[in-house]
Amino acid sequence: MRLLLVLLVLAVAGEPALGQGGVAFTPAETARILQHGPWPQPWSADASNRVSGAAAAAVFGEVLFFEKRLSSQGEFSCASCHTPDMAWTDGRARSRGHGLADRNAPSLLNVRLNRWYGWDGAGDSLWAQSIRPILDGREMAAQAAHVGDLIRNDQQMSCRYRQAFGAPPSSDDEAVLVDIAKALASFQETLVSGRTPFDEFRDALARDDREGMARYPAAAQRGLQLFVGRGNCSLCHFGPNFTNGEFHDIGIPFFAEPGRVDSGRFDGIRRLQASPFNRLGRYSDDATGASSLATRHVASQHRNWGEFKVPSLRHVALTAPYMHAGTHATLADVVRHYSELDENRLHADGERLLKPLRLTDAEIADLVAFLETLTPHQPPEFTPRVAVETKCQ
Amino acid sequence: MKGVGVFAVAILAANVAQACAVPVSGAGWQQLESSRYVVAFRPLTTPSVGQLFALDFALCAKSGALPQRVRVDAQMPAHRHGMNYVPSVQTMAQGVYRAEGLMLHMPGRWQFLFELSADGRTDRVTAPFDLDG
């Protein structure tokens, strides 16, 4: 009997992690699953933004986010394309302001965790990215002078600016534009998504809580096994935020319209390096320069043509349609893209990681089931700050 | 006797041509060798996916002078791509350098590459590095 007990203990100690429905994760798969957490991630301020994390700036930024007068004709605000009840996107394939944009509006949930901003990474800070749609002729189509005049001449705007920055807005329009972008960034930093069924499973796996693991649906477990295994999805959709923050060519056509291409990261690097608002410029508040390391070392390479940023997969079920131009309507369409990948569409010097996965219908359904568990049971609801509702004194 | 003496000098000369002392000490250095140089390197922090890091390396020349130009890079041979960043190299001391701005952006088998150029020739040495993910 004693020998039988010893053998039983040894057998249990050596077996792979087992979830409900009999999905047995190998030690290697378990390690890959665990690197997708913990969640939430700890806070860290943006050194290039002196009001990063500041409450008064976040309040001012929230007011600005919904302010249509920031646009040239008073028609559009940031919230026009980043709507709170649509997971801070707009549900369109390509966003529309004064004109049709080339790209899909990404969700702003967890946006502060990015290293690069925009599908092409032309922004290296959240505040630099916040300037771009204000000035873009297809989006809000404004100019620095227009923004400066609004902030200086509107009593509430001027009051909130003073509360956020400790001084009234100056006559330097560009400097005022940068400051309101920093306030916008300070607000957007507060947009975070909560814990998900995947996070509960991941943490249960970490502590070998079999009961906790068993609450995670079997289909999602099978999909997760594909995600970290044969699918190789976790190589690029890496880490707690399910993105390595870098850029890849995955064979999505990059024609914005007949005769015009969207080169993605290739042009993004050029725009980044030419921008007066990058972390190397005079508007960065980081006197040490430590936070500009990536900007200093980023390299333009031929293979950047047609590369776009790896998006986070957190709350992905809420942010259809998908890909940089919204070409894929559903998560199943996205998974089928990888299943049936046309290697001829990849650049000759492109990623050799990508091969058609040739998934069955059941495997596609399992992967989608897993991706759906990256959304909280209760999708985030936006509640305006009390200070926003009251007049600035 | 004279023949033995000549033979002994030849052996000593051959040994000096093959070895040199890299000017570093301590743990964690990985050593590589080309026809003209010996390289020792170590990352300042343990590389992790998608995080910028720096790498110290030191050289000695088996004979002659140190290289006039040094370059550091990393690539994933199986995926046919390198890094998205070009490291900068600064000289810390004679034969001692620091490369900054490296990033390995996905888990798997990488290869560090050191290019050491002098007199119109470039020695290339590589070292594998497995990045867990």
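Per chain, residue numbering runs from 1 following the sequence as it is written. As a convention, the first chain written is A and the first ligand written is 1, with the rest following in written order. For a predicted model such as this one, the threshold for reporting local features is a pLDDT of at least 70, and the threshold for listing and counting side-chain atom pairs is 80 or more; totals across whole chains, interfaces and linings nevertheless cover every residue. To get the side-chain values, take all heavy atoms of the structure and skip hydrogens and water.

## Some details on the overall build of chain A
Only DSSP runs of H or I reaching four residues or more are called helices, and only runs of E reaching two or more are called strands; each is numbered from the N terminus. For chain A, the count of helices and strands is 15 helices and six strands. This radius of gyration counts C-alpha atoms alone. The globule rule is 2.2 Å times how many residues there are, raised to the power 0.38. Relative to the globule expectation of 21 Å for 393 residues, the C-alpha radius of gyration of chain A, 23 Å, shows essentially globular dimensions. For chain A, the spread of C-alpha atoms along the principal axes amounts to about 85 × 50 × 40 Å. Counting over 393 residues, chain A shows a buried share of 56%. Taken as a whole, chain A presents about 17,400 Å² of accessible surface, with 55% of it coming from carbon and sulfur. Charge assignment in this entry is limited to Lys and Arg as positive and Asp and Glu as negative, and neither His nor the chain termini are counted. The location of each charge is read from NZ of Lys, CZ of Arg, CG of Asp or CD of Glu. When the 41 positive and 46 negative side-chain charges of chain A are each reduced to one mean point, those points stand 2 Å apart. Burial classification: accessible surface area is computed with a 1.4 Å probe over protein chains only, and a residue below 20% of its type maximum counts as buried, one above 50% as exposed, and the rest as partly exposed. Values of accessible area rely on a 1.4 Å probe in the Shrake-Rupley scheme; residue burial ignores everything except the protein chains shown.

## Brief notes about the sheet that holds strand β6 (residues 88-93) of chain B
Residues and elements named next belong to chain B. Taken in spatial order, the five strands line up as β1-β2-β3-β7-β6 in an open sheet, and their pairing is antiparallel. Each having just a single partner strand, β1 (30-33) and β6 make up the two edges of the open sheet. The mean inter-strand angle of the sheet, taken between neighbouring strand axes irrespective of direction, is 25 degrees. Strand pairing requires that DSSP identify at least two bridges connecting the strands. Where strand β3 (residues 53-61) lies against strand β7 (residues 96-102), five bridges are found, and the strand directions are antiparallel. Bridging from a neighbouring strand, L55 pairs with A99 of β7. Lines fitted to C-alpha atoms define the axes here, with helix axes fitted over just the stretch in contact, and angles between the N-to-C directions of these axes take values from 0 to 180 degrees.

## Side note on the confidence of the model for chain B
A low pLDDT score tells you not to read the predicted coordinates there in detail. Residue and element names in this part refer to chain B. For every residue, the predictor states its confidence as a pLDDT score lying anywhere from 0 to 100. Of the residues in chain B, 86% reach a pLDDT of 70 or more, and the chain-wide mean stands at 87. When the elements of chain B are averaged for pLDDT, helix α1 (residues 2-18) gives the smallest value, 43, and β7 the largest, 97. Of the regions scoring below 50 in pLDDT, residues 1-17 engages in two contacts with residues more than four places distant in sequence or in other chains. Among the prediction metrics, the complex's ipTM stands at 0.88, with pTM recorded as 0.91. Residues count as neighbours in contact if any of their non-hydrogen atoms are within 4.5 Å of one another.

## A word on the interface of chain A and chain B
At the interface, 25 residues of chain A touch 22 residues of chain B. Surface buried jointly by chain A and chain B totals about 1,900 Å² across both partners, of which 55% is contributed by carbon and sulfur atoms. A side-chain nitrogen of Lys or Arg and a carboxyl oxygen of Asp or Glu constitute a salt bridge if their distance falls within 4 Å. Linking chain A with chain B are zero salt bridges. Any pair of N or O atoms that falls within 3.5 Å is considered a polar contact. Within protein, one atom must be able to donate a hydrogen and the other to accept it, and sequence-neighbouring residues count only if both atoms are side-chain atoms. In this assembly, chain A and chain B are joined by 13 residue pairs in polar contact (both at pLDDT 80 or more). Residue assignment for the side of chain A that touches chain B shows that the elements contributing at least two residues are α2 (27-34), β3 (247-248) and α12 (293-297) of chain A. Joining two parts hides part of their accessible area as seen by a 1.4 Å probe, and the buried area is that hidden amount summed over both.

## Thoughts on α2 of chain A
Within the span of α2 of chain A, buried status applies to E29, T30 and I33 of chain A. Here the buried residues of α2 of chain A occupy an arc of 100 degrees about the axis, which is enough to place them on one side. For this quantity, the arc is that covered by the directions from the helix axis to the C-beta atoms.

## Brief notes about the sheet that holds strand β5 (residues 81-82) of chain B
Reading across the sheet, the four strands line up as β5-β4-β8-β9 (chain B) and stay open at both edges, with antiparallel pairing between neighbours. The two strands at the open ends of the sheet, each matched to only one other strand, are β5 and β9 (121-131) of chain B.

## Re the pattern of salt bridges
Residues and elements named next belong to chain A. Applying the stated rule across the entire model yields 38 salt bridges over all chains. Between D120 and R103 there is a salt bridge, with the nearest N and O atoms lying 3.0 Å from each other. Of this pair, D120 sits in the loop between α3 (55-65) and α4 (126-135) while R103 sits in the loop between α3 and α4, placing them 17 residues apart in sequence. By relative accessible area, which is 16% here, R103 ends up buried. Residues D199 and R314 are paired through a salt bridge, measuring 2.8 Å at the closest nitrogen-oxygen approach. Note that D199 is positioned in helix α8 (residues 197-206) and R314 in the loop between β6 (308-309) and α13 (331-339), a separation of 115 residues in sequence. For D199, a relative accessible area of 1% puts it in the buried group. Members of the salt-bridge network, linked through shared partners, are R94, D102, D136, R138, E257 and R260.

## Describing the pairing of β7 of chain B
Residue and element names in this part refer to chain B. A large share of β7 lies buried, amounting to five of its seven residues. The pairing of β6 with β7 spans five bridges and is classified as antiparallel. Looking across to β7, one finds that V89 is bridged to A99. With antiparallel pairing between neighbouring strands as the criterion, β6 and β7 make up a hairpin whose turn holds two residues, including G95 at a positive phi of roughly 75 degrees.

## A short note on the packing of helix α5 (residues 144-153) of chain A against helix α7 (residues 173-188) of chain A
All names here are of chain A. Packing of α5 against α7 brings their axes to within 8 Å, and their N-to-C directions diverge by 75 degrees. By the angle between their axes, α5 is roughly perpendicular relative to α7. In contact with A144, A145, V147, G148, I151 and R152 of α5, α7 contributes D173, E174, V176, L177 and I180. Classification used: nonpolar for Ala, Val, Leu, Ile, Met, Phe, Trp, Tyr, Cys and Pro, charged for Asp, Glu, Lys and Arg, polar for all others including Gly. Within the contact of α5 with α7, the residues separate by chemical class into seven nonpolar, one polar and three charged. By definition in this entry, angles of less than 35 degrees are roughly parallel, angles greater than 145 are roughly antiparallel, angles of 65 to 115 are roughly perpendicular, and the rest are oblique.

## Looking at α7 of chain A
Residue and element names in this part refer to chain A. The first and last C-alpha atoms of α7 sit 22 Å apart over 16 residues, in line with the 22 Å expected at 1.5 Å per residue. Most of α7 is tucked away, with 14 of its 16 residues classed as buried. The N-cap of α7, judged by a side-chain oxygen 3.2 Å from the amide nitrogen of E174 a few residues on, is D172. Helix span is expected to be 1.5 Å times the residue number reduced by one.

## Digging into the packing of α2 of chain A against helix α10 (residues 218-228) of chain A
Residue and element names in this part refer to chain A. Axis separation between α2 and α10 bottoms out at 10 Å; the angle between their running directions is 90 degrees. In terms of axis orientation, α2 runs roughly perpendicular to α10. Residues E29, R32 and I33 of α2 form the contact with α10, whose own contacting residues are L224, Q225 and V228.

## Section: the environment of W43 of chain A
All names here are of chain A. Summarising the element assignment, W43 is placed in the loop between α2 and α3. On a C-alpha basis, the gap between W43 and L113 in space is 9.3 Å, while along the polypeptide they are 70 residues apart. Sequence-distant contacts of W43, that is, excluding residues within four places in its chain, are made with S52, G53, R112 and E189.

## A word on the environment of P197 of chain A
Residue and element names in this part refer to chain A. Summarising the element assignment, P197 is placed in helix α8. Its relative accessible area of 15% is what places P197 among the buried residues. The residues contacting P197, other than those within four sequence positions of it, are Y216, T373, T375, P376 and H377.

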